[in-house]
Amino acid sequence: MTAHRDPAELFASTAPYYARYRPGYDPALYAFLAERFHLDGSQRVLDLGTGTGVLALPLAAHAAEVIAVDPEPGMLAEARRLAAERGITTVDWRQGDSTTLPGMDLPPVALTVMGAAFHWMDRDQVLRDLDPITEPGGAVVIVSGGAPGDLEPAPWLDVVADVRTRYLGPERRAGSGTYTHPAESHRQVLERSPFSHVETARWDRALTRTVDEVIGYVLSLSYSSPAQLGDHQGAFTRDLRAALLGFRPDGRFDEVVRTEAIIATRP
């Protein structure tokens with residue numbers, strides 16, 4: 001992975017699209033975590049790389065406090081707006097990232113969750129830094145859509161990739177650099193960490209998007225964000241709409257989406 005000058009630049013400009021068009025995680029995840037870790041409203045949870053609060057806001061119903069950390073001010077502003085809209089007052093929103101963790105004076109937490117953010121971090125170092133603030137019996141939970149290739153991709157994603165490549169080139173962009181998925185799996189990294197007992201839970205569900213929802217989703221991605229597209233965003237969205245509707249004139253774009261939770265506890 002090419003180094004990035006600033007973690008905040010990865011999702012600069014995506015916040016409104018991220019909040020509205022990302023499908024979120026399966027609701028069964030939150031019931032599972034509440035039961036698995038006996039979350040009864042008295043614990044504290046850390047959400048590292050919270051984005052727009054995709055994990056933090058649902059988990060607030062099960063915790064006394066959620067500390068939600070993200071480097072991108074636009075993401076945090078959108079998260080605060082959503083929290084106010086939903087009447088959620090028990091989330092402590094903090095600007096920061098995995099590298100600022102040791103200096104944040106964080107209190108003990110029962111659970112740390114990371115949603116599709118762990119791959120951006122120095123994973124070994126983050127787990128070392130989480131060890132002293134994680135309570136006995138606590139855990140680190142990595143939540144994502146699963147590893148690349150786990151699910152057969154929907155055919156319309158090839159249409160998106162073709163248009164994106166035409167505008168942004170074949171490499172996956174990330175801020176001012178490019179991104180390559182880590183060769184080592186999250187599980188391998190976790191198994192050598194203080195949280196070396198690892199288990200996985202998965203939930204799959206069918207999702208149908210409209211063409212507007214597909215375009216919004218594409219703009220929420222770090223590698224096809226408004227910041228990456230710049231002055232070409234209007235032309236990109238027009239071409240993407242035309243290509244998608246050429247592929248599916250009924251405007252229905254089906255996909256199976258996965259929620260995967262990798263649960264890591266101390267042995």
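These numbers were taken from a predicted model, which means no experiment stands behind them.

## Structural notes on the overall build of the protein chain
Part 1: When you go through the protein chain residue by residue, the secondary structure sums to ten helices and nine strands.
Part 2: Expected size for 267 residues packed as a compact globule is a radius of gyration near 18 Å; at 19 Å, the protein chain falls within 12% of this value.
Part 3: With respect to the three principal axes, the spread of C-alpha positions in the protein chain is 55 × 35 × 35 Å.
Part 4: Taking all 267 residues of the protein chain together, the buried fraction comes to 48%.
Part 5: Sequence-distant contacts in the protein chain: of pairs separated by 6 or more residues, those separated by 24 or more amount to 81%.

## A look at the sheet that holds strand E4 (residues 109–115)
Part 1: The seven strands lie next to each other as E3-E2-E1-E4-E5-E9-E8, forming an open sheet whose pairing is mixed. Two strands close off the open sheet at either side, each with one partner strand: strand E3 (91–95) and strand E8 (197–209). Strand after strand, the sheet turns through a mean of 20 degrees between neighbouring axes, direction not considered.
Part 2: In the sheet, E4 pairs with strand E5 (residues 134–144) via six bridges, with the strands oriented parallel. Across the sheet, Thr 112 pairs through a bridge with Val 140, a residue of E5.

## Quick notes on the side chain of Asp 70
Part 1: Within the fold, Asp 70 resides in strand E2 (residues 65–70).
Part 2: Arg 80 is the oppositely charged side chain nearest to the buried, salt-bridge-free Asp 70, at an N-O distance of 9.8 Å.
Part 3: Within polar-contact distance, the side chain of Asp 70 engages the backbone nitrogen of Thr 50 at 3.4 Å.

## Re the pattern of salt bridges
Where charged atoms of side chains with opposite charge meet at close range, the side chains can pair.
Part 1: Counted according to the given criterion, the structure contains 16 salt bridges.
Part 2: Residues Arg 44 and Glu 65 are paired through a salt bridge, measuring 2.9 Å at the closest nitrogen-oxygen approach. Remark: Glu 65 occurs in strand E2 and Arg 44 occurs in strand E1 (residues 44–48); sequence separation between them is 21 residues.
Part 3: For Glu 65, a relative accessible area of 25% translates into the label partly exposed.
Part 4: Across the pair Arg 187 and Glu 191 runs a salt bridge, and its minimum N-O distance is 3.1 Å. Of this pair, Arg 187 and Glu 191 are both found in helix H7 (residues 186–191), four residues apart, which corresponds to roughly one turn of the helix.

## Details of the pairing of strand E9 (residues 253–265)
Part 1: In terms of burial, E9 is a largely internal element, eleven of the 13 residues being buried.
Part 2: Where E5 lies against E9, six bridges are found, and the strand directions are antiparallel. Following the sheet pairing, Ser 144 is matched in E9 by Glu 260.
Part 3: Across 13 bridges, the pairing between E8 and E9 is antiparallel. What sits directly across from Arg 202, in E9, is Glu 260.

## So, the packing of helix H6 (residues 156–168) against helix H10 (residues 233–247)
How two helices pack is summed up by the angle between their axes together with the distance between the axes.
Part 1: The N-to-C vectors of H6 and H10 enclose an angle of 150 degrees; their axes lie 10 Å apart at closest approach. Taken together, the axes of H6 and H10 are roughly antiparallel relative to one another. The chirality of how H6 crosses H10 is right-handed. Contacts between H6 and H10 involve Trp 156, Val 159, Val 160, Val 163, Arg 164, Arg 166 and Tyr 167 from the former and Ala 235, Phe 236, Asp 239, Leu 240, Ala 243, Leu 244 and Phe 247 from the latter.

## Some remarks on the confidence of the model for the protein chain
Part 1: Looking at the protein chain as a whole, the pLDDT averages 91, with 91% of positions reaching at least 70.
Part 2: Taken as a whole, residues 1–5 scores under 50 in pLDDT and shows 14 contacts with residues more than four places along the chain or in a different chain.
Part 3: Every residue in residues 173–179 is under pLDDT 50, and counting partners more than four places away or in other chains gives 26 contacts.

## Some thoughts on the nonpolar core
Generally speaking, a soluble globular protein has its nonpolar side chains buried in company with each other.
Part 1: Core analysis: the largest hydrophobic core is formed by 31 residues, its most contacted members being Leu 29, Trp 93 and Val 141.
Part 2: Leave out the neighbours within four places in its chain, and Trp 93 touches Thr 50, Gly 53, Ala 56, Leu 57, Ala 68, Leu 76, Ala 79, Arg 80 and Ala 83.
Part 3: Listed in part, the 24 residues of the second largest apolar core include Leu 46, Leu 106, Val 189 and Phe 195.

## Regarding helix H5 (residues 123–130)
Part 1: Within H5, the full set of buried residues consists of Arg 123, Val 126, Leu 127, Asp 129 and Leu 130. Buried residues along H5 cover an arc of 160 degrees about the axis, so they all sit on one side.

Cut-offs applied
Residues numbered from 1 in each chain as written. Predicted model: local features only at pLDDT ≥ 70, side-chain atom pairs only at ≥ 80, totals over all residues. Heavy atoms only, no water. Helix = DSSP H or I, 4+ residues; strand = E, 2+ residues; numbered from the N terminus. Rg over C-alpha atoms; globule rule 2.2 N^0.38 Å. Buried < 20%, exposed > 50% of the residue type's maximum accessible area, 1.4 Å probe, protein only. Contact = heavy atoms within 4.5 Å. Pairing = 2+ DSSP bridges. Axes fitted to C-alpha atoms, helices over the stretch in contact; angles between N-to-C directions. Lys, Arg positive; Asp, Glu negative; His and termini not counted. Salt bridge = Lys/Arg side-chain N within 4 Å of Asp/Glu carboxyl O. Polar contact = N/O pair within 3.5 Å; in protein donor to acceptor, adjacent residues only side chain to side chain. Parallel < 35°, antiparallel > 145°, perpendicular 65-115°, else oblique. Left-handed = near helix turned anticlockwise from the far one by under 90°. pLDDT = per-residue confidence, 0-100. Core = buried A, V, L, I, M, F, W, Y, C linked by side-chain atoms within 4.5 Å. Arc of directions from axis to C-beta.

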